[in-house]
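# Coordinate inspection notes
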Amino acid sequence: MNQFTQRTQKRKVRLDGSDLMKEFENKIEQLGLDVYDKVGKPVNVNVVRAMLESMGIRAIDVELDYGVTNLQELAKMVYAQITNSDFLAIHPSTLKVNEQFKSEITSASDYLRIKTKYFFYYYPLGLFHGLPVFMQILTIILFGYSLWTYVGFNQLQSTAVVLGVIFGLVGTGGFVQVLGRQISHYWFNNDFVMARKSTIKVIKDGLLFMSVLSVLLLVVNFFANIYPYRFLYIVYIYSFSIGVLLLISAVFHPLKQRWMITIAFSVATGIALCLKLFTNLGTYFTHWIGIWVAIILLVTYLNYFFNKKVKATKNVTRATSKTVVMIYRNYRYFFYGLLFFVFIFIDRILAWSTSADGLLPYAVYYEKNYEVGMDIAILIFFLLVGVLEFSIASFSTLSDLLQKQIPYNQPELFNRKSLATYWQHVQILLITGVVMVTLLYTVIWVWFGYEKAFDQALSAISIRVSVLGGLGYILLAWGMLNSLYLFTLNKPTKPLKAIMIASVVNLVVGLFMSRLVSYEYSVVGMLIGSTVFMLLTLKSVTEFFKNLDYYYYAAY
């Protein structure tokens with residue numbers, strides 16, 4: 001007896017025939033309402049079937065979950081329900097249109113004006129969502145202290161803290177991507193029960209993954225004696241604290257509640273700073289208290305948000321994405337997120353594992369001049385995040401607009417106009433990058449000055465690293481823009497391959513340059529790796545635009 005038959009018989013034991021049929025009817029009726037909420041009145045059965053599949057309903061489950069023989073039959077029943085004149089009279093469509101822009105989207109000729117408004121809406125929005133990072137930079141400048149850094153640390157303490165932060169980012173990077181994709185899926189389907197369950201499950205998996213990595217590193221350290229155990233305990237406390245903070249924060253992005261991250265970070269930073277300035281608590285403890293204050297605030301609000309949404313939405317049990325489906329849908333995004341953070345930190349690890357005189361007390365040992373240079377460089381990347389938000393938002397809007405205006409038998413025109421828009425976005429990214437680089441370096445060296453802020457001159461090594469690293473981060477942002485275009489229509493394979501190849505290039509070039517020239521030239525590996533990532537994703541995205549009509553319709 002197969003598993004499906006066993007499951008069916010167990011279910012029939014619980015329910016008699018009439019109860020079972022009634023349950024199926026209720027679930028199909030609710031399913032029809034869910035589909036109608038998403039697409040309104042569908043033009044044909046295939047639209048309904050595509051929506052059912054996007055909601056995670058599999059052909060293998062429909063007989064058990066809905067009492068019909070196949071997915072097409074279920075689609076026909078739902079289609080008949082939501083196109084019935086009586087149904088339409090009782091349920092007028094409630095599909096929402098973006099109130100801010102709906103009155104202006106009338107023709108392609110209006111798009112320049114719309115795009116300008118999009119830029120001045122989404123670019124500041126991206127900067128606003130980056131406020132937690134900029135806040136840490138501000139407190140470092142003013143007080144020499146932030147939520148996870150302190151200028152008074154010695155090299156060994158800095159090494160422990162920075163390795164903890166790196167470990168936390170790398171260990172959770174893949175799960176952050178999965179959270180974003182999975183929660184977006186359930187948000188779109190108005191299924192907040194499953195959104196909450198998925199959040200808890202993915203966060204647990206992320207912590208389990210980090211725990212396994214920690215045990216493995218402890219075992220390696222037991223035999224190799226790389227670091228003192230007290231050092232590793234500090235690393236692990238920072239890494240788990242940062243990891244939990246990142247995982248919780250990641251949920252707020254697809255839920256459109258990112259403002260709460262800024263609130264939580266502001267309160268946490270203020271509390272940690274007061275503890276540092278007005279108490280005798282050690283710096284480590286002020287950091288940990290601050291980070292966990294942010295976590296508690298975020299978890300409290302998230303619990304309130306989910307409870308509110310679950311109560312406000314109708315929740316009839318129906319088939320949802322199974323675990324195997326979730327893994328299959330998201331594994332490429334997981335590895336992309338993991339490798340992206342690995343790529344970000346390869347050059348630092350290479351630079352910190354060698355020195356000018358070749359003498360290091362530990363295998364990886366923090367080097368201040370290199371880190372200062374890369375911290376300045378990565379600011380450029382954060383200042384470009386708003387451009388990425390603008391580009392994806394305007395791409396989605398233009399695609400919807402063009403597919404309504406261009407005849408179905410002119411796909412080349414649709415693809416050509418979309419590609420032209422892409423190149424306009426690239427130009428905006430590069431122009432913004434140049435402006436931000438000029439502004440940033442003017443502030444650092446002319447108006448305000450690194451020396452005035454920290455009472456010491458910026459070293460030649462830091463300057464060299466910041467220039468090369470800044471260029472690398474601009475190219476990395478371009479590669480990310482390409483990846484986001486591909487992610488928008490669910491094409492993650494090419495970006496994943498690109499970041500894999502770019503990481504290898506980063507490692508190999510950085511290793512040779514840091515060992516054969518000087519340690520700070522590991523940044524060249526990051527620069528060339530970013531160039532490779534940009535070129536590979538550029539090749540993929542141009543091929544993508546040549547067949548955008550196919551990918552666009554296949555994604556929905």
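This write-up is about the structure you can find in this document. (Residues numbered from 1 in each chain as written. Predicted model: local features only at pLDDT ≥ 70, side-chain atom pairs only at ≥ 80, totals over all residues. Heavy atoms only, no water.)

## A short note on the overall build of the protein chain
Applicable threshold: Helix numbers and strand numbers start at the N terminus; a helix is a DSSP run of H or I with at least 4 residues, a strand a run of E with at least 2. The contact criterion used is simple: two residues touch if any of their non-hydrogen atoms lie within 4.5 Å. For the accessible areas, the method is Shrake-Rupley and the probe is 1.4 Å, while residue cover comes only from the protein chains on display.
Of the regular secondary structure elements, the protein chain holds 22 helices and zero strands. Long-range contacts, defined as pairs at least 24 residues apart, comprise 80% of the intrachain contacts of the protein chain with a sequence gap of at least 6. For the protein chain, the exposed surface amounts to about 26800 Å²; the carbon and sulfur share of it is 65%.

## Overview of a nonpolar patch on the surface
In plain terms, the rule: A patch consists of residues whose relative accessible area exceeds 30% and which take part in no salt bridge; residues with like charges are grouped when within 9 Å of each other, and nonpolar side chains (Val, Leu, Ile, Met, Phe, Trp, Tyr) when within 5 Å. The rule for a salt bridge is simple: a side-chain nitrogen of Lys or Arg has to be within 4 Å of a carboxyl oxygen of Asp or Glu. Only protein chains enter the accessibility calculation, which uses a 1.4 Å probe. A residue is then buried if its area is under 20% of the maximum for its type, exposed if over 50%, and partly exposed in between.
A grouping of Phe128, Leu131, Trp259, Ile263, Val267, Ile271, Leu281, Phe285 and Ile289 is seen on the molecular surface, where their side chains present a nonpolar patch of about 720 Å² in accessible area. Put simply, the parts of the chain that give the nonpolar patch at least two residues each are helix H12 (259-278) and helix H13 (283-312). Considering each element in turn, the nonpolar patch owes the most residues, four residues, to H12. On the secondary structure map, tryptophan 259 appears in helix H12. Residue classification places tryptophan 259 among the partly exposed positions, given a relative accessible area of 38%.

## Some points on the packing of aromatic side chains
As a reminder of what qualifies: Pairs were defined over the aromatic rings of Phe, Tyr and Trp, the Trp ring being its six-membered one, requiring ring centres within 6.5 Å. Orientation was assigned from the angle between planes: stacked under 30 degrees, edge-to-face over 60, tilted for the rest. Lysine NZ or arginine CZ positioned within 6 Å of the ring centre and within 35 degrees of the ring normal marks a charge as sitting over the ring.
Summed over the entire model, instances satisfying the criterion amount to 38 aromatic pairs. Between tyrosine 227 and phenylalanine 231 the ring centres are 4.4 Å apart and the planes differ by 10°, which places this aromatic pair in the stacked class. Since its relative accessible area comes to 6%, phenylalanine 231 is described here as buried. Their ring planes at 25° and their centres at 6.1 Å tell us that phenylalanine 252 and tyrosine 301 sit as a pair that is stacked. Of the two residues, phenylalanine 252 is situated in helix H11 (residues 229-252) and tyrosine 301 in helix H13; the sequence distance between them amounts to 49 residues. With respect to burial, phenylalanine 252 and tyrosine 301 carry one shared label: buried. Chaining the aromatic ring pairs together yields one cluster made of Tyr145, Tyr150, Phe153, Tyr238, Tyr284, Phe285 and Trp288. Seen from the ring of tyrosine 150, lysine 276 lies directly overhead, with NZ or CZ sitting 4.2 Å from the centre.

## Quick word on the packing of helix H19 (residues 460-488) against helix H21 (residues 522-546)
This is how it is decided: Only the stretch in contact is used when a helix axis is fitted, and all axes are lines through C-alpha atoms; the angle between N-to-C directions ranges over 0 to 180 degrees. When an angle is under 35 degrees it counts as roughly parallel; over 145 it counts as roughly antiparallel; between 65 and 115 it counts as roughly perpendicular; any other value is oblique. The hand of a helix crossing depends on one turn: near helix anticlockwise from the far one by less than a right angle means left-handed, and clockwise means right-handed. Here the term charged refers only to Asp, Glu, Lys and Arg, the term nonpolar to Ala, Val, Leu, Ile, Met, Phe, Trp, Tyr, Cys and Pro, and the term polar to all other amino acids, Gly among them.
It is the contact of H19 with H21, at a shortest axis distance of 8 Å, that shows an interaxial angle of 25°. In terms of their interaxial angle, H19 and H21 are classed as roughly parallel. The handedness of the crossing between H19 and H21 is left-handed. Counted by class, the contact of H19 with H21 contains 20 nonpolar, nine polar and no charged residues.

## Some words on the pattern of salt bridges
When their charged atoms lie close together, side chains carrying opposite charge are able to pair. Scanning the entire structure with this criterion turns up seven salt bridges. In this structure, aspartate 375 engages arginine 348 in a salt bridge whose closest nitrogen and oxygen atoms are separated by 3.9 Å. Highlighted residues: aspartate 375 in helix H15 (residues 368-383) and arginine 348 in helix H14 (residues 323-352), separated in sequence by 27 residues. Since its relative accessible area comes to 36%, aspartate 375 is described here as partly exposed. A residue is classified by how much of its surface remains accessible, and arginine 348, at 3% relative accessible area, is buried.

## A closer look at helix H10 (residues 192-224)
Test applied: A helix is expected to span 1.5 Å multiplied by its residue count minus one.
Taking 1.5 Å per residue as the helical rise, H10 with its 33 residues ought to reach 48 Å, and the 47 Å between its terminal C-alpha atoms agrees with that figure. Within H10, the full set of buried residues consists of Phe192, Val193, Met194, Ala195, Ser198, Thr199, Val202, Ile203, Gly206, Met210, Ser214 and Asn221. Looking at the packing, one finds that the buried side of H10 touches helix H9 (155-188), H11 and H13. The first or second residue beyond H10 is asparagine 225, which carries a positive phi of 55°.

## Regarding the environment of tyrosine 186
Looking at where tyrosine 186 falls in the secondary structure, it is placed in helix H9. Taking the C-alpha atoms as reference, tyrosine 186 lies 9.3 Å from arginine 196; in sequence the two are ten residues apart.

## Focus on unusual backbone geometry
Residues other than glycine seldom take positive phi values, yet asparagine 225 does so here, at roughly 55°. The residue asparagine 225 is located in the loop between H10 and H11 in this model. You can call asparagine 225 exposed: its relative accessible area is 59%. The phi dihedral of lysine 256 falls on the positive side, at around 60°, and the residue is not glycine. For lysine 256, the location among the structural elements is in the loop between H11 and H12. The exposure class of lysine 256 is exposed, given its relative accessible area of 57%.

Remember that the coordinates give geometry; whether it matters functionally is a separate question.
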